[in-house]
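Residue-level structure breakdown
These are the residues of each chain, in order.
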Amino acid sequence: MVTEKWAVAALRVFLVVLFGVLVVFQTLSLPGGIAYHTQQNPHDAPLRWPLTAIAVFLVLCVEVVLVATWKLLTLVKKDRIFTPASLKWVDAIVWSVAAAWLVVVGMLVFVGFNADDPGMPMLLFLVTVAITVLGLVLVVMRALLRQATALRSDLEAVI
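Since the structure is predicted, the reported quantities are computational estimates derived from the model, not experimental observations.

1. Section: the packing of aromatic side chains
By the definition in use, this model includes 0 aromatic pairs. One cation-aromatic arrangement involves Arg12 over Trp70; the distance from NZ or CZ to the ring centre is 4.5 Å.

Structure (structure tokens):
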């Protein structure tokens, strides 16, 4: 139990740090880096705003996952993780991963048809497969959470 409390506290600290870093990247680093790239490579200038929007959106998806994880940690701390309230936060994570997956697949299709070399399409394919695996694992974990919640509700009804 002590290890669980320590792990939850440490995870919360790192979630806050990661969220802060992501906000800096989302608002300063990514838009600035993309603007610099398009200034240095004028032939990429039409991609500045679409790439900026995509980058900001993908970071937003990660931020949603972090907030939902924080909420789930709160439920763990209160020993309420096996309640229907936890399912909405898991759903938020699943939908955020699904939204990111759609965007990355769209990028893969666009880049795949327009690339001169296979490097970027292969990288996007790798990211797409990784997000697919993550999303499917989350769907399975959500099903396990739902089953555990139902079992706990049944057990509490009997007791």
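Next, the rest of the story.
2. Focus on the packing of helix H2 (residues 48–77) against helix H3 (residues 84–114)
If you want to describe how two helices pack, look at the angle between their axes and the distance between the axes. One way to put it is that H2 packs onto H3 with a least axis distance of 9 Å and a crossing angle of 165°. Classed by the angle they form, the pair H2 and H3 counts as roughly antiparallel. Pair H2 / H3 crosses with left-handed handedness.

3. Brief notes about a positive patch on the surface
Together, Lys5, Lys71, Lys77, Lys78 and Lys88 make up a region of like positive charge exposed at the surface. Within the element layout of this structure, Lys5 appears in helix H1 (residues 2–40).

Parameters and conventions
- Residues numbered from 1 in each chain as written.
- Predicted model: local features only at pLDDT ≥ 70, side-chain atom pairs only at ≥ 80, totals over all residues.
- Heavy atoms only, no water.
- Phe/Tyr/Trp six-rings, centres within 6.5 Å; stacked < 30°, edge-to-face > 60°.
- Lys NZ or Arg CZ within 6 Å of the ring centre and 35° of its normal.
- Axes fitted to C-alpha atoms, helices over the stretch in contact; angles between N-to-C directions.
- Helix = DSSP H or I, 4+ residues; strand = E, 2+ residues; numbered from the N terminus.
- Parallel < 35°, antiparallel > 145°, perpendicular 65-115°, else oblique.
- Left-handed = near helix turned anticlockwise from the far one by under 90°.
- Patch = residues over 30% accessible without salt bridge, like charges linked within 9 Å, V, L, I, M, F, W, Y side chains within 5 Å.
- Areas by Shrake-Rupley, 256 points an atom, 1.4 Å probe, with all protein chains shown as cover.
- Salt bridge = Lys/Arg side-chain N within 4 Å of Asp/Glu carboxyl O.
- Lys, Arg positive; Asp, Glu negative; His and termini not counted.
- Charge placed at Lys NZ, Arg CZ, Asp CG, Glu CD.

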